[in-house]
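Coordinate inspection notes
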Amino acid sequence: LVELKRQNTGRGTADESTRTQVKIERALAGPFAFARLELPFPDADTDFEGDAFEPRPGDVKARLAFRAVNIGGRAYTSYVELAFPTADPESLGTGKFQWQAGARTRGSLGAGPAGTQASTSLQASQAVSFGGDAARNDTNLTKFEWDWRLDHPAGHYAKAVAKPSIDWVQGGKTGAVGEIEGGWAVSRDWTLILLGGGLLWGEGVGGTYGRRLEIKASFRF
């Protein structure tokens, strides 16, 4: 899979800013589901409007995802991820290496309207920083994602997502954003995705932002 994403973000934290991003994903065999590389190019102008014609290198992320395992009759997928402080200038990234691990489970909610299938999923992850610039803020963040999704037989989908988080560096302060996302399967290989999101509470907590508008084009082969 290759995905190009344009993301305009207002009042975001260091790793949540206006940017263009390329994601490359490769399916794997054995116990591994896929490997992913994310190449972000944050705008030099970090406000919501940004400037797509002035991209800068951001913090590169590499993820390794594992195939589902059955625990107590429920399937769980998991992943590990490492982010590198490659942003130039450093102010456009976290300035530190960041290790993250997470797990997700999904359950069916039955048939929806017009032949759709409804489902919900819950993901929990933990991110911690290490190394890098000692003068930059550390990361110690517990994140959750709870989504409700409708999948159409033609490949289209719609979902609502709540993303609460706990920032342990800020003494356990909580914050959350909410997002609405829709995907249109243009063909067997191409999908176009539109997302809108906003802050629910906890401005300044890691993983939150003020507002976001995002468009993605995804090609799977």
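Everything below is about the structure printed above this text.
Source: prediction; values computed, not measured. (Residues numbered from 1 in each chain as written. Predicted model: local features only at pLDDT ≥ 70, side-chain atom pairs only at ≥ 80, totals over all residues. Heavy atoms only, no water.)

Considering the pairing of strand S10 (residues 173-185)
Put simply, the rule is: A strand pair is defined by DSSP finding two or more bridges across the two strands. Helix and strand labels come from DSSP, where a helix needs a run of H or I of at least four residues and a strand needs a run of E of at least two; each type is numbered from the N terminus.
Relative to S10, strand S9 (residues 157-167) runs antiparallel, the two sharing 11 bridges. In the sheet register, Ala162 faces S10, and the bridge partner there is Gly178. Counting the residues between successive antiparallel strands, the hairpin from S9 to S10 contains five residues, one of them, Gly171, with a positive phi of roughly 75°. Bridging between S10 and strand S11 (residues 190-201) involves 10 bridges; their strand directions are antiparallel. Considered in S11, the bridge of Gly183 is made with Ile193. Hairpin remark: S10 followed by S11, antiparallel, with four residues in the connecting loop.

Quick notes on the packing of aromatic side chains
Applicable threshold: When the centres of two rings from Phe, Tyr and Trp lie within 6.5 Å, Trp using its six-membered ring, the rings pair. Their planes under 30 degrees apart give stacked, over 60 give edge-to-face, and anything left gives tilted. When accessible area is computed with a 1.4 Å probe and restricted to protein chains, residues below 20% of their type maximum are described as buried, those above 50% as exposed, and intermediate ones as partly exposed. Here, a charge over a ring is recorded when the distance from Lys NZ or Arg CZ to the ring centre is within 6 Å and its angle to the ring normal is within 35 degrees.
Summed over all chains, the structure comprises six aromatic pairs. An angle of 40° between the planes, with centres 5.6 Å apart, marks the rings of Phe32 and Phe66 as tilted. Within this pair, whereas Phe32 is found in strand S3 (residues 32-42), its partner Phe66 is found in strand S4 (residues 61-71), the two being separated by 34 residues in sequence. Judged by relative accessible area, which is 30%, Phe32 ranks as partly exposed. By relative accessible area, which is 25% here, Phe66 ends up partly exposed. Plain terms: the ring middles of Phe97 and Phe130 are 5.6 Å apart, the flat faces sit at 20° to each other, and that makes the pair stacked. A residue pair is termed long-range when its members are at least 10 positions apart, and Phe97 in strand S6 (residues 97-111) and Phe130 in strand S7 (residues 117-130) qualify at 33 residues. Here Phe130 falls in the partly exposed class, since its relative accessible area comes to 42%. Each residue in the set Phe84, Phe97 and Phe130 is aromatic and connected to the rest through ring pairs, giving one cluster. Taking NZ or CZ as reference, Arg63 lies 3.8 Å from the ring centre of Tyr79, over its face.

So, the pattern of salt bridges
As a reminder of what qualifies: By definition, a salt bridge exists where a carboxyl oxygen of Asp or Glu is found within 4 Å of a side-chain nitrogen of Lys or Arg.
Under the definition given, this model contains 16 salt bridges. Close ionic contact of Lys96 with Asp138 constitutes a salt bridge, the shortest N to O distance being 3.3 Å. Here Lys96, found in the loop between strand S5 (74-83) and S6, pairs with Asp138, found in the loop between S7 and strand S8 (140-151); they are 42 residues apart in sequence, far enough to count as distant. The class of Asp138 is partly exposed, set by a relative accessible area of 48%. Residues Asp147 and Arg106 are paired through a salt bridge, measuring 3.3 Å at the closest nitrogen-oxygen approach. Taken together, the residues span a long stretch of sequence, with Asp147 in strand S8 and Arg106 in strand S6 at a distance of 41 residues. A network of salt bridges, in which partner residues are shared, links Arg104, Arg106, Glu145 and Asp147.

Considerations on the sheet that holds S9
Convention followed: To obtain an axis, a line is fitted to C-alpha atoms, over the contacting stretch when the element is a helix, and the angle between two such axes runs from 0 to 180 degrees between their N-to-C directions.
Pairing is antiparallel around the closed barrel formed by 12 strands, whose spatial order is S1-S2-S3-S4-S5-S6-S7-S8-S9-S10-S11-S12. On average, each strand axis in the sheet is inclined to that of its neighbour by 20°, with strand direction left out of account. Here strand S1 (residues 2-10) pairs with strand S2 (residues 19-27) via six bridges, running antiparallel. Bridge pairing in S2 links Arg6 to Thr20.

Overview of the environment of Asn8
So the rule is basically this: Any two residues whose heavy atoms approach within 4.5 Å at even a single point are treated as in contact. Pairs of N or O atoms are called polar contacts if they sit within 3.5 Å, as long as, within protein, a hydrogen donor faces a hydrogen acceptor (for residues adjacent in sequence, only side-chain-to-side-chain pairs).
Along the chain, Asn8 turns up in strand S1. Judged by relative accessible area, which is 15%, Asn8 ranks as buried. Considered as a pair, Asn8 and Asp51 are 43 residues apart in the sequence and their alpha carbons are 9.6 Å apart. Beyond its immediate stretch of four places on either side in the chain, Asn8 contacts Thr18, Phe48, Glu49, Arg211, Arg212 and Leu213. Here the side chain of Asn8 touches Phe48 through a polar contact of 2.7 Å, landing on its backbone oxygen.

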